[in-house]
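Secondary and tertiary structure notes
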Amino acid sequence: MEKIFKLKEHNTTVRTEIIAGVTTFMAMAYILMVNPGMFSALDNVSYGSVYIATAISAVVGTILIGLLANLPLAQAPGMGLNAFFVYTVCFGLGFSYANALLFVLADGLLFVILTVTGLRKIIFDAVPKTVKAAIPAGIGLFIAFIGLQDSGLVINDPATCVGLSSFNLLGSATWQSIMPLMVTLVTLICIAVLSARKVKGAILWSILGGAALYYGLGFTIPNFYDGFMAGVSMNPLDAFKDFGEFSFLKVFTQGFDFSGYLAMEGHSVSGLVIVFITTALAFCMVDMFDTMGTLYGACRGGNMLVKDENGNDEVPNMNRAMLSDALATCVGAVCGTSTVTTFVESSAGVAAGGRTGLSAMVTGALFFVAMFLSPIAALIPASAYAAALIYVGILMIGSVKDILWDNPSVALPSFLTIAMMPFTYNISYGIAFGLISYIIIKLFTGKHEKIGVGTWIIGILFAAMFFLTH
């Protein structure tokens, strides 16, 4: 272990690394329940199949970043990117589950090329800082909105598009309809309280507590338990069977078949090409910003940053860490899940003393064990895991503090980036509106020299998406 992970050089021990690895797993294990729950809304996909795909991609990604980059970080299908996959690419644009996996594979391969060739920095620098700061906030608002809908708190309203679910016991509401809503609110408050008290694994413990409360309150509802186990297999091997049937290799066997998309009114081959490029680019950009931000933040929190040749702070083995992310995304696409990225919850393990890839090995091993616990995860109700979506959205929206709201040329692109994601149910539309408005404002304020060539190219691609495909 000393030879591979250089424990003495990093001033750590095997015991400390094990504790850190367990801490990281507890902090991010909720993704094993939230990700399959989100994907199960799609046709021809099962909860069990995506559960296994999520676990496998987490194992591969986490072990890769531990061995290649020797960093105490962990990876899994990213929050926000999974929402983009399900609600934007599949439900919004009309692509099939397998088609969407092809976008993810393209994202992973593009990420590999950008990392190996060094073009990653060019793409990263092409996106204005104002849009970069707004992207996490927009995604946070988007997934919080999804969590509010999944919980049933926010419902469709024919007059205003959205509305609040009724709590009026004297009117149309019943205890049976209100109880799941109360579980979500209690779970959300528990996450906040436990997080404020620095409890490790606050989200996971709150989800499990919310599930226990849900089934406990079930005794107050007549016939609540009638058939509640119907369709839920308690054999963990059934999830592997579903994985082989519904998810594994679907990107190759069905992903290239776009006949369903082209059969929709107004869709053409030329439009498909543009949508494919812009959607894959959006996947890649969100993945890149998410990963780079998380890597920097986690390493800064553990005083692990190093100086580059210009004296700037940099993540150690940055390119290897990014390559691990890209390779894991390719594996995730093959297995049947959305883009894999480095989790900000890795900071919990760093705070617990993790300094080397040994910590990541422990986290990866625990994800492997978790593959055989799918029957337990399948019992978690949406009212419990929806609270995790809302809370993660709260964490992500914190990036708005870095935006100069008193500068109109910054405020408008930032606002459009944030607002258009939840309001159009599309992450790429938010990025597009932010970029295009930034370019137009710079042109009409006489600052066109600040628009880079890369920014022009990306902006033109997104504009073509609107005028030629939407």
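Residues numbered from 1 in each chain as written. Predicted model: local features only at pLDDT ≥ 70, side-chain atom pairs only at ≥ 80, totals over all residues. Heavy atoms only, no water.

A few words on the overall build of the protein. In terms of helices and strands, the protein carries 22 helices and 6 strands. What you see for the protein is a C-alpha radius of gyration of 22 Å, in line with the 23 Å of a compact globule of 470 residues. In terms of overall dimensions, the protein has C-alpha extents of about 70 × 60 × 50 Å along its principal axes. Across the 470 residues that make up the protein, the buried fraction comes to 54%. Taking contacts inside the protein between residues at least 6 apart in sequence as the whole, the part at least 24 apart equals 77%. Between the averaged position of the 21 positive side-chain charges in the protein and that of its 25 negative side-chain charges there is a distance of 12 Å. (Helix = DSSP H or I, 4+ residues; strand = E, 2+ residues; numbered from the N terminus. Rg over C-alpha atoms; globule rule 2.2 N^0.38 Å. Buried < 20%, exposed > 50% of the residue type's maximum accessible area, 1.4 Å probe, protein only. Contact = heavy atoms within 4.5 Å. Lys, Arg positive; Asp, Glu negative; His and termini not counted. Charge placed at Lys NZ, Arg CZ, Asp CG, Glu CD.)

Okay, the pairing of strand β2 (residues 154–157) next. Residues in a regular strand point their side chains to alternate faces of the sheet. Note: β2 against strand β3 (residues 161–164), 4 bridges, orientation antiparallel. The residue bridging D157 from the neighbouring strand is C161, located in β3. Between the end of β2 and the start of β3, which pair antiparallel, lie 3 residues. (Pairing = 2+ DSSP bridges.)

Another aspect to go through is the packing of aromatic side chains. If you walk through the whole model with that rule in mind, you get 23 aromatic pairs. Ring plane angle 50° and centroid distance 5.0 Å describe the contact between F219 and Y225, whose orientation is recorded as tilted. A centroid spacing of 5.4 Å and a plane angle of 35° characterise the contact between F243 and F248, whose relative ring orientation is tilted. The class for F248 is partly exposed, based on a relative accessible area of 35%. Linked through ring pairs, Y87, F91, F142, F145 and Y425 together constitute an aromatic cluster. (Phe/Tyr/Trp six-rings, centres within 6.5 Å; stacked < 30°, edge-to-face > 60°.)

Time to look at the environment of R15. Tracing the backbone shows R15 in helix α2 (residues 14–28). The class for R15 is exposed, based on a relative accessible area of 62%. Sequence separation of R15 and L141 is 126 residues, and the distance between their C-alpha atoms is 39 Å.

To continue, consider unusual backbone geometry. With the exception of glycine, most residues fall at negative phi, and the peptide bonds are largely trans. Notably, C161 is not glycine yet its phi reads approximately 75°, a positive angle. Mapped onto the elements of the fold, C161 is located in strand β3. Classification of C161 by relative accessible area gives exposed; the value is 60%. At L249, a position not held by glycine, the phi torsion is positive, near 70°. Along the chain, L249 turns up in the loop between α11 (236–247) and α12 (250–253).

All right, on to the environment of T24 then. By the secondary structure assignment, T24 is in helix α2. With a relative accessible area of 1%, T24 lands in the buried category. Note: C-alpha distance between T24 and A192 (168 residues apart in sequence) is 18 Å.

In this section: the packing of helix α20 (residues 408–424) against helix α21 (residues 427–444). Across the interface, α20 lies against α21 with an axial gap of 7 Å and an inter-helix angle of 160°. As the angle between them shows, α20 and α21 are arranged roughly antiparallel. The chirality of how α20 crosses α21 is right-handed. On the side of α20, the interface is formed by P408, S409, L412, P413, L416, T417, M420, M421 and T424, while α21 contributes I427, Y429, G430, I431, F433, G434, S437, Y438, I441 and K442. When the residues that make up the contact of α20 with α21 are grouped by side-chain class, the tally is 12 nonpolar, 6 polar and 1 charged. (Axes fitted to C-alpha atoms, helices over the stretch in contact; angles between N-to-C directions. Parallel < 35°, antiparallel > 145°, perpendicular 65-115°, else oblique. Left-handed = near helix turned anticlockwise from the far one by under 90°. Nonpolar A, V, L, I, M, F, W, Y, C, P; charged D, E, K, R; others polar.)

All right, on to helix α17 (residues 357–370) then. The terminal C-alpha atoms of α17, which comprises 14 residues, lie 20 Å apart, in line with the 20 Å expected from a rise of 1.5 Å per residue. Judged by how many residues are buried, α17 sits mostly within the fold: 10 of 14 residues are covered. Taken together, the buried positions of α17 are G357, L358, S359, A360, M361, V362, T363, G364, F367 and A370. Here the buried face of α17 lies against α1 (2–5), α2, α3 (31–39), α4 (47–68) and α18 (374–378). (Expected span 1.5 Å × (residues − 1).)

With that settled, the discussion passes to a nonpolar patch on the surface. A contiguous nonpolar patch, built from L164, F167, L169, W175, M182 and L185 and spanning about 550 Å² of accessible area, is present on the exposed surface. Looking at the nonpolar patch, the element that brings in the most residues is helix α9 (residues 175–196), giving 3 residues. With respect to the helices and strands, the residue L169 is situated in the loop between β3 and α9. Owing to a relative accessible area of 54%, L169 belongs among the exposed residues under this scheme. (Patch = residues over 30% accessible without salt bridge, like charges linked within 9 Å, V, L, I, M, F, W, Y side chains within 5 Å. Areas by Shrake-Rupley, 256 points an atom, 1.4 Å probe, with all protein chains shown as cover. Salt bridge = Lys/Arg side-chain N within 4 Å of Asp/Glu carboxyl O.)

Further remarks concern the state of the cysteines. In this structure the tally under the stated criterion is 0 disulfides. The thiol of C284 is unpaired, and the distance to the nearest cysteine sulfur, on C330, comes to 10 Å. (Disulfide = S-S within 2.5 Å.)

In this section: the nonpolar core. Judged by nonpolar contacts, the single largest core of 99 residues is most densely connected at Y30, F85, F95 and I431. Looking at this core, the element that brings in the most residues is helix α14 (residues 269–301), giving 10 residues. The next biggest cluster of nonpolar side chains, apart from the first, holds 21 residues, and it includes I65, V112, M288 and M292. (Core = buried A, V, L, I, M, F, W, Y, C linked by side-chain atoms within 4.5 Å.)

Helix packing geometry: the angle between the two helix axes and the distance between the axes. Packing of helix α5 (residues 81–90) against helix α8 (residues 129–151) brings their axes to within 11 Å, and their N-to-C directions diverge by 70°. Classified by the interaxial angle, the pair formed by α5 and α8 is roughly perpendicular. Considering the relative orientation of α5 and α8, their crossing is left-handed. Of the residues in α8, those touching α5 at A83, F84, Y87 and T88 are F142, I143, I146 and D150. Its residues placed into classes, the contact of α5 with α8 shows 6 nonpolar, 1 polar and 1 charged.

Let us look at the confidence of the model for the protein. With 99% of its residues at a pLDDT of 70 or more, the protein has an overall mean of 89. The weakest mean pLDDT in the protein belongs to helix α7 (residues 120–126) at 73; the strongest belongs to α12 at 97. (pLDDT = per-residue confidence, 0-100.)

Turning next to α4. Between the first and last C-alpha of α4 there are 31 Å, a value that for 22 residues agrees with the 32 Å anticipated at 1.5 Å per step. For α4, a buried count of 16 out of 22 residues is recorded, marking the element as mostly surrounded by other parts of the structure. Of the residues trailing α4, N70 is marked for its positive phi of about 55°.

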